[in-house]
Amino acid sequence: MEPAFVENLKVLCDAIASEGELYIPKKVNSHYVFKLYTSSDDEPVLNEIRVCTPVKEFLFPIRELAAVFPNEYETQDVKPFAVFGLKDCDLRSIEILDKVFSEDDFKDPFYISHREKMFIISSDCTEPAKSCFCCLFSGKTWPDKGFDLNVSPVECGFLIEVGSDKGKKILNKNKQLFKKATPQLIQQRDENRKKADEILTSQNAEYRLNNPAQKVVESSDGSQLFDIEAAGCVECQACTRVCPTCHCFYLHDTELKNYYGKMKMWDSCMRMSYAAVAGGENPRKILSDRIKHRLMHKFSYYMQRYGIDMCVGCGRCIDAESGTMDIRKLLKQLNGELTK
Amino acid sequence: MISHKNPYQPIGAELINIIDESPTIKSFVLKPEKPIIFEAGQFVELTVPGCGEAPFTPSSVPSQKDTMEISIMKAGKVTAQLHEIKKGATLGLRGPLGKGYPIDNFCGKEIYIVGGGVGLAPIRSLFLALVERKKDFVSIVCRYGAKTPEDFIYKKTLFGDWQKIDGVQIKLTVDKANGQWKDNVGVVTTILKPDDVKIANAVAVVCGPPIMMKFATLKLLEFGFKPDQIYLSMEKNMSCGIGLCGHCMLGKYYVCKDGPVFTYSQIKDYPKIWD
Ligand SMILES: Cc1cc2nc3c(=O)[nH]c(=O)nc-3n(C[C@H](O)[C@H](O)[C@H](O)COP(=O)(O)OP(=O)(O)OC[C@H]3O[C@@H](n4cnc5c(N)ncnc54)[C@H](O)[C@@H]3O)c2cc1C
Ligand code: SF4
Ligand code: FES
């Protein structure tokens, strides 16, 4: 289907918001967060890069009720909702989470119930951040799958591309709002995309690996680099919280009002006692072992199970770090040790 | 909307009996709302409502379907709470989870079982399942260890009936003896001998504290067991029990879903498997 053209985002947002809750990017200082859209809002801003909040928060909340006792608890009805301003890296992070929570032999009904109700409006990245490195992990500045609608900014407006039946339905229902995109505008979009891709590629040239990341991490036994990284890590766990693909959680039993509940809460493999067993044994007592495990999970174990890397190169962990770790640099240095 | 069954939801189970096994281990007899049909070596997640959940391998024979026994060592928050609980309480159970012992593959072989401490719990379930069809196996040879004679669990049957079963041979040892102990003194590896079983046609099953599993495995390898002849029941930190939360990872494996029973050959190349 040819893209449609719309002059402003507000009409698109109003149309989508009439179907359910819509979350849009809002700039706070130097980064974006999501906020609920209301029809009294001004023209929304199109985020030039990913929102800081990882999309997993919509599918797998930080804390949610997963079971109650003694009564049975099933998933609650999730109302349809839409998220605006997701990027290619976000869509690929959803693909990674889907493989774990909805495509393997055990399914997470809570994840699935949110996933089924989510409407995705993605958009092109126009100004990649210094920390963005998706191009090193088969990503790019614009999505070609995984969205319902995709928005690309062009002169005097936006091109809207349809990626699913759900997306098509919305456009058809609001035909009067959209015009046909001219070939000139499509060409302009493609040029913009090329430009953004070039910025990204050139800023990451120095980090390109000449071995697959899997081989790099699997050959890292005995490397001092993990100890060096550990020395600059303050164990804030921000890297795993903000990562759109990290999905560790734990079940926490607690007493609620007048019943017992099992809460499903985000966890972090960077936490000291994450892997400790009763009796005190802990295979990853040492911080450098935990840093290594995080990399092994992302580039080796996940790859072996599901055939793709568990990192989309969004660079959120680099921005979020209170310490000094830069995952691109670490991989590059490990790659250097391997090539030596 | 498609209805997805909730894998985090435990079913109720009434605690119908508690047996003191040793100073630190009690067996809990549970009657689940609906029978939980498991294989020896699989595990369940037991919830103490409002307090916490922990993984345990049932110690009862799988053919006993209405009730399930679990032997639990007091080790921390949840297990300490369990040791305080009285008969009649309702607990929560999820399961069966994971992969148990591939008993069918043991047919026609000698089975060499090495156990220590609370590791005897899953081994009891396996042992009883093997005894039920002992004609299928050449022999069942057991080597069990405990800290002191008091620390053995299932004392009545272990020191009595089990020793008399035809085709079964059991030897025991303790780290530290007391007055009445006439048997071997020393860690369990001191009673493992190269001619206990004919290795070419044997499988070994090892379950116990990590340090014991490590040294028993090394000894078995030294005797000539191949890594794929040694079955280990691995203990890792667990939460979900269904391969989602990430806690139990051992290399690419989720111990909860791909194990807890592994052959040594599956896991030997990963770092720190015994920690
Ligand atoms: C496959 C498998 C089989 C096992 N079989 C047996 C067996 O047959 N017998 C036996 O004695 N032991 C067995 N164990 C070991 C047993 O699971 C541990 O001893 C037990 O988990 C210790 O729990 P604890 O809370 O007492 O100890 P702690 O050291 O206090 O444990 C903390 C753990 O308890 C859990 N926890 C604590 N608070 C909460 C909360 N509020 N909500 C939810 N969870 C919470 C968390 O998982 C945490 O990691 C087995 C372990 C595994 C992996
Ligand atoms: S590891 Fe870092 S760069 Fe990779 S997906 Fe997670 S936050 Fe993004
Ligand atoms: S216990 Fe959650 S993945 Fe194994």
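Let's shift gears to helix α5 (residues 165-173) of chain A. Residue pairs spaced three or four apart in an α-helix point in one direction, given the helix's 3.6 residues per turn. Residues and elements named next belong to chain A. Residues Gly167, Ile170 and Leu171 constitute the buried set of α5. Seen along its axis, α5 keeps its buried residues to an arc of 95°; they face one direction. Exposed positions of α5 whose direction lies more than 90 degrees from the buried face are Asp165, Lys169 and Lys173. Residues of α5 that are buried make contact with β1 (4-6), α1 (9-17), β6 (118-123), β7 (149-154) and β8 (157-162). Sitting at the head of α5, Ser164 places a side-chain oxygen 3.3 Å from the backbone nitrogen of Lys166.

It is worth spelling out the site of ligand 2 at this point. Residue and element names in this part refer to chain A. In the vicinity of ligand 2 lie 13 residues, with Cys243, Cys311, Cys314, Gly315 and Cys317 positioned nearest. Every element with two or more residues in the shell around ligand 2 is listed here: α10 (287-306) and α11 (316-320). A per-class count over the shell around ligand 2 returns eight nonpolar, two polar and three charged.

With 44 residues of chain B in contact, the opposing surface of chain A contributes 52 residues. Contact between chain B and chain A buries roughly 4000 Å² in total, counting both sides, with carbon and sulfur atoms accounting for 57%. Linking Asp105(A) and Lys257(B) is a salt bridge whose minimum nitrogen-to-oxygen distance equals 2.8 Å. Summed over the shared surface of chain B and chain A, the result is 23 residue pairs in polar contact (both at pLDDT 80 or more). Every element with two or more residues in the side of chain B that touches chain A is listed here: β1 (11-20), β4 (52-56), β6 (90-97), β14 (253-254) and α6 (255-258) of chain B. A total of four residues in the side of chain B that touches chain A trace back to one element, the largest contributor, which is β6(B).

Neighbouring residues of ligand 1: 27 residues in total, closest Asp253(A), Pro55(B), Met73(B), Lys77(B) and Thr79(B). Neighbouring residues of ligand 1 are not confined to a single chain but are spread across chains A and B. A distance of 2.6 Å separates a nitrogen atom of ligand 1 from a polar backbone atom of Asp253(A). Out of a free accessible area of 980 Å², ligand 1 has 82% covered by protein chains. The biggest single contributor to the shell around ligand 1 is β4(B), with five residues. The residue inventory of the shell around ligand 1, partitioned by class, reads 15 nonpolar, seven polar and five charged.

This part takes up helix α5 (residues 210-223) of chain B. Residue and element names in this part refer to chain B. Taking 1.5 Å per residue, 14 residues should reach 20 Å; α5 reaches 20 Å between its end C-alpha atoms and fits that length. Those residues of α5 that fall on the buried side of the exposure criterion are Met212, Met213, Ala216, Thr217, Leu220 and Phe223. What you see down the axis of α5 is that its buried residues fit within an arc of 125°, all on one side. Along α5, exposed side chains directed more than 90 degrees from the buried face belong to Ile211 and Glu222.

Residue and element names in this part refer to chain A. Domain boundaries assigned for chain A yield domain 1 (4-62 + 75-207) and domain 2 (213-247 + 269-338). Between the C-alpha centres of domain 1 and domain 2 there is a distance of 28 Å. Of the residues lining the interface, 27 residues belong to domain 1; the matching set on domain 2 comes to 28 residues. Together, Ile96, Phe137 and Tyr207 form the three largest contributors to the area buried by domain 1 at its contact with domain 2, with a combined 28%. Remark: the boundary between domain 1 and domain 2 carries two salt bridges. A salt bridge links Arg50 to Asp319; its shortest N-O distance comes to 2.9 Å. Remark: the boundary between domain 1 and domain 2 carries 17 residue pairs in polar contact (both at pLDDT 80 or more).

This part is about the pairing of strand β11 (residues 260-266) of chain A. All names here are of chain A. Burial analysis of β11 places six of its seven residues in the buried class, which makes it a mostly covered element. Pairing of strand β4 (residues 63-69) with β11 involves six bridges; the strand directions are antiparallel. Its bridge partner being in β11, Ala67 is matched across the sheet by Lys262. Pairing between strand β10 (residues 249-255) and β11: seven bridges, direction antiparallel. Pairing of Leu251 across the sheet is with Lys264, part of β11.

A few words now on the nonpolar core. In this structure, Leu295(A), Tyr8(B) and Phe225(B) are the most contacted members of the largest nonpolar core, which totals 113 residues. Top element by residues in this core is α10(A). It accounts for eight residues. Ignoring sequence-local partners within four residues, the contact set of Tyr8(B) consists of Ala66(A), Ala67(A), Asp108(A), Phe110(A), Phe249(A), Leu251(A), Lys262(A), Lys264(A), Arg94(B), Cys240(B), Ile242(B) and Leu244(B). Membership of the second largest hydrophobic core comes to 35 residues, among which are Tyr144(B), Ile153(B), Ile170(B) and Trp181(B).

The next point concerns the sheet that holds β1(A). Residue and element names in this part refer to chain A. In spatial order, the strands read β3-β2-β5-β6-β7-β8-β1-β9; together these eight strands make up an open sheet with mixed pairing. A strand with exactly one partner marks an edge of an open sheet, and here the two such strands are β3 (31-36) and β9 (179-180). By the bridge criterion, three bridges tie β6 to β7 in an arrangement that is parallel. Looking across to β7, one finds that Ile121 is bridged to Leu149. Running over the sheet, helix α4 (residues 109-117) touches β5 (81-86) and β6 and is turned about 60° from β6.

Our next topic: the side chain of Thr67(B). Residues and elements named next belong to chain B. By the element assignment, Thr67 lies in the loop between β4 and β5 (68-73). A distance of 2.8 Å separates the side chain of Thr67 from the side chain of Gln64, its partner in a polar contact. Apart from residues lying up to four places away in sequence, Thr67 is in contact with Ile16, Val29, Leu30, Lys31, Pro32 and Ser60.

Our focus in this paragraph is the sheet that holds β10(A). Residues and elements named next belong to chain A. Strand order in the open sheet formed by three strands is β4-β11-β10, with antiparallel pairing between adjacent strands. Looking along the sheet, the strands with just one partner apiece sit at the ends: β4 and β10. Each strand axis lies, on average, 30° off the axis of its neighbour in the sheet, ignoring direction.

Quick notes on the rules
Each chain carries its own residue numbering, running from 1 in the direction its sequence is written. Lettering of chains starts at A and numbering of ligands starts at 1, both following the order in which they are written. The predicted origin of the model limits local features to residues at a pLDDT of at least 70 and limits the giving and counting of side-chain atom pairs to 80 or more, whereas totals for whole chains, interfaces and linings rest on all residues. Neither water nor hydrogens contribute to the side-chain values; these are computed over all heavy atoms in the structure. The rule is simple: take the accessible area with a 1.4 Å probe, protein chains only, and divide by the maximum for that residue type; under 20% is buried, over 50% is exposed, in between is partly exposed. For helices the rule is a DSSP run of H or I covering at least 4 residues; for strands it is a run of E covering at least 2, with both sets numbered from the N terminus onward. The directions from the helix axis to the C-beta atoms are what the arc is built from. Only heavy atoms matter for contacts: two residues are in contact if any of them lie within 4.5 Å across the pair. Any pair of nitrogen or oxygen atoms within 3.5 Å is treated as a polar contact; in protein, a donor-acceptor pairing is required on top of that, and neighbouring residues in sequence qualify only through side-chain atoms on both sides. Residues are classed as near a molecule or strand on a simple rule: at least one heavy atom within 4 Å of it. Lys, Arg, Asp and Glu make up the charged group, whereas Ala, Val, Leu, Ile, Met, Phe, Trp, Tyr, Cys and Pro make up the nonpolar group; the residues left over, Gly among them, are polar. Throughout, the accessible surface (probe 1.4 Å) given up by two parts as they are put together, summed over both, is called the buried area. One speaks of a salt bridge when a side-chain nitrogen belonging to Lys or Arg is within 4 Å of a carboxyl oxygen belonging to Asp or Glu. The Shrake-Rupley method, run with a 1.4 Å probe, gives the accessible areas here. Residue values count only the displayed protein chains as cover. The span expected for a helix works out to 1.5 Å for each residue beyond the first. For every domain, the bounds stem from an assignment made automatically or drawn from a database. DSSP calls a pair of strands paired once it identifies at least 2 bridges connecting them. Nonpolar cores are built from buried Ala, Val, Leu, Ile, Met, Phe, Trp, Tyr and Cys residues. Side-chain atoms within 4.5 Å join them into one set. To obtain each axis, a line is fitted to C-alpha atoms, and for helices this fit is confined to the stretch in contact; angles are then taken between N-to-C directions over 0 to 180 degrees.

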